[in-house]
Amino acid sequence: MDAEAPMLAADRVSLRFGGVRALTDVSFDVGRGEIFSIIGPNGAGKTSMVNCVSGRYRPTEGRILFGGQDITRIGTSRRAALGIGRTFQNLALFGHMTVLDNIMVGRHHLLRSGFLRGMAYWLGGAQREELAHRREVEEIIDFLEIQHVRKAIAGTLSYGLRKRVELARAVALKPKLILLDEPMAGMNLEEKEDMARFIVDLNEEWGMTVLMIEHDMGVVMDISHRVMVLDFGRRIAAGAPEEVLADEHVKRAYLGEADEVVQDQGEPATA
Ligand SMILES: Nc1ncnc2c1ncn2[C@@H]1O[C@H](COP(=O)(O)OP(=O)(O)OP(=O)(O)O)[C@@H](O)[C@H]1O
Ligand SMILES: [Mg+2]
């Protein structure tokens with residue numbers, strides 16, 4: 001990873017699905033240590049953009065760079081191994097498994113990639129490996145304040161808690177860059193405030209760079225360092241939150257619809 005390069009760069013990314021232009025010529029970069037948000041009306045291309053970063057979609061044109069490395073053509077699991085973690089707009093927890101097991105699923109990738117194994121070998125033995133592993137998982141559980149539900153079946157939890165468990169699972173991969181697609185959708189005010197605090201702490205204390213899609217403008221403006229606005233698949237503005245809010249194009253294209261979009265309802269969990 002090139003220490004000088006931005007954490008993430010999208011270079012003139014376009015994405016088409018048959019006749020639908022989901023993204024047209026979108027460029028942006030996310031600096032190390034930033035909280036960067038993508039906003040825009042429904043269907044603007046936000047999830048498509050994040051899917052191009054995670055590797056779920058491959059851009060029709062343009063490039064995605066991670067730490068200066070061109071990752072446009074590499075698959076999702078290799079991107080995860082490089083340090084890109086994510087949560088989904090629609091919950092993707094294993095509903096029949098416990099919270100703890102759901103978080104452990106996130107760790108398997110680390111064990112397989114030899115990161116923890118190598119460290120444990122150095123410390124001396126499998127028992128140490130297991131201990132280090134558990135300690136880190138418990139640290140994440142503590143951090144996200146889900147100790148009280150660690151043995152609960154994920155599918156039985158409230159929506160807000162399930163979103164938090166999903167975040168825990170993504171954090172368990174120890175990503176350098178975490179992609180959050182509507183982390184607060186369907187939450188009540190208190191749950192949103194908690195989630196916003198977790199994201200800021202992940203960024204400030206855990207050093208994670210955050211790329212977030214969120215419809216709640218209050219939260220976006222509060223915690224983002226920079227914001228990009230998409231409209232009909234095109235970038236119409238980017239900059240500090242106050243600059244973006246003051247942008248005439250943004251006011252016309254997006255804020256006029258704010259009453260509708262802040263009312264976004266969460267989706268039910270899928271097992
Ligand atoms: N897999 C797909 N196949 C076909 N069209 C798609 C696919 N994914 C997205 N699209 C289309 O691309 C456009 C952008 O969709 P996208 O989901 O990226 O929007 P969004 O900004 O995330 O919207 P929302 O706020 O509703 O989540 C839409 O017209 C959508 O219908
Ligand atoms: Mg979306």
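Residues numbered from 1 in each chain as written. Chains lettered and ligands numbered in written order. Predicted model: local features only at pLDDT ≥ 70, side-chain atom pairs only at ≥ 80, totals over all residues. Heavy atoms only, no water.

Some words on the overall build of the protein chain
A tally of regular secondary structure across the protein chain gives 11 helices and 10 strands. When each of the 271 residues of the protein chain is scored for burial, the buried share is 53%. (Helix = DSSP H or I, 4+ residues; strand = E, 2+ residues; numbered from the N terminus. Buried < 20%, exposed > 50% of the residue type's maximum accessible area, 1.4 Å probe, protein only.)

What about the confidence of the model for the protein chain?
Summarising the model, the protein chain shows a mean pLDDT of 86, and 83% of its residues fall at 70 or more. Below a pLDDT of 50 lies the segment residues 258-266, which in the model reaches 13 contacts outside its immediate sequence neighbourhood of four places, other chains included. (pLDDT = per-residue confidence, 0-100. Contact = heavy atoms within 4.5 Å.)

Quick look at the site of ligand 1
Of all residues adjacent to ligand 1, which total 15 residues, the nearest are Asn 42, Gly 43, Lys 46, Thr 47 and Ser 48. A distance of 3.0 Å is found between an oxygen atom of ligand 1 and a side-chain nitrogen or oxygen belonging to Asn 42. Between an oxygen atom of ligand 1 and a main-chain N or O atom of Ala 44, the distance comes to 3.1 Å. For ligand 1, the accessible surface in isolation is 630 Å², of which the surrounding protein chains cover 65%. Among the elements of the structure, strand 2 (20-30) and helix 1 (46-54) are those that each provide at least two residues to the shell around ligand 1. Ranked by the residues each element gives to the shell around ligand 1, the list is headed by helix 1, at three residues. (Near = heavy atom within 4 Å. Polar contact = N/O pair within 3.5 Å; in protein donor to acceptor, adjacent residues only side chain to side chain. Areas by Shrake-Rupley, 256 points an atom, 1.4 Å probe, with all protein chains shown as cover.)

Points about the sheet that holds strand 5 (residues 69-70)
An order of 2-1-4-5 is seen for the four strands of this open sheet, with the pairing classed as antiparallel. Sheet topology places strand 2 and strand 5 at the edges, where each strand pairs with a single neighbour. In terms of strand pairing, strand 1 (residues 8-17) meets strand 2 through seven bridges, oriented antiparallel. Bridge pairing in strand 2 places Ala 9 opposite Asp 29. Contacts between helix 1 and the sheet are confined to strand 1, strand 2 and strand 4 (61-66), with strand 1 contributing the most and set at about 115° to the helix. (Pairing = 2+ DSSP bridges. Axes fitted to C-alpha atoms, helices over the stretch in contact; angles between N-to-C directions.)

Comments concerning unusual backbone geometry
Here the phi dihedral of Lys 174 falls at roughly 50°; this positive angle occurs in a residue that is not glycine. Summarising the element assignment, Lys 174 is placed in the loop between helix 6 (159-171) and strand 7 (177-181). One non-glycine residue with positive phi stands out, namely Glu 182, at about 55°. Summarising the element assignment, Glu 182 is placed in the loop between strand 7 and helix 7 (189-204).

So, helix 7
Think of an α-helix as 3.6 residues a turn; residues three or four steps apart then line up on the same face. End to end, helix 7 covers 22 Å across 16 residues, agreeing with the expected 22 Å (1.5 Å per residue, within 8%). Within the span of helix 7, buried status applies to Lys 192, Asp 194, Met 195, Ala 196, Phe 198, Ile 199, Asp 201, Leu 202 and Asn 203. The N-cap residue of helix 7 is Asn 188: its side-chain oxygen and the backbone nitrogen of Glu 190 are 3.1 Å apart. (Expected span 1.5 Å × (residues − 1).)

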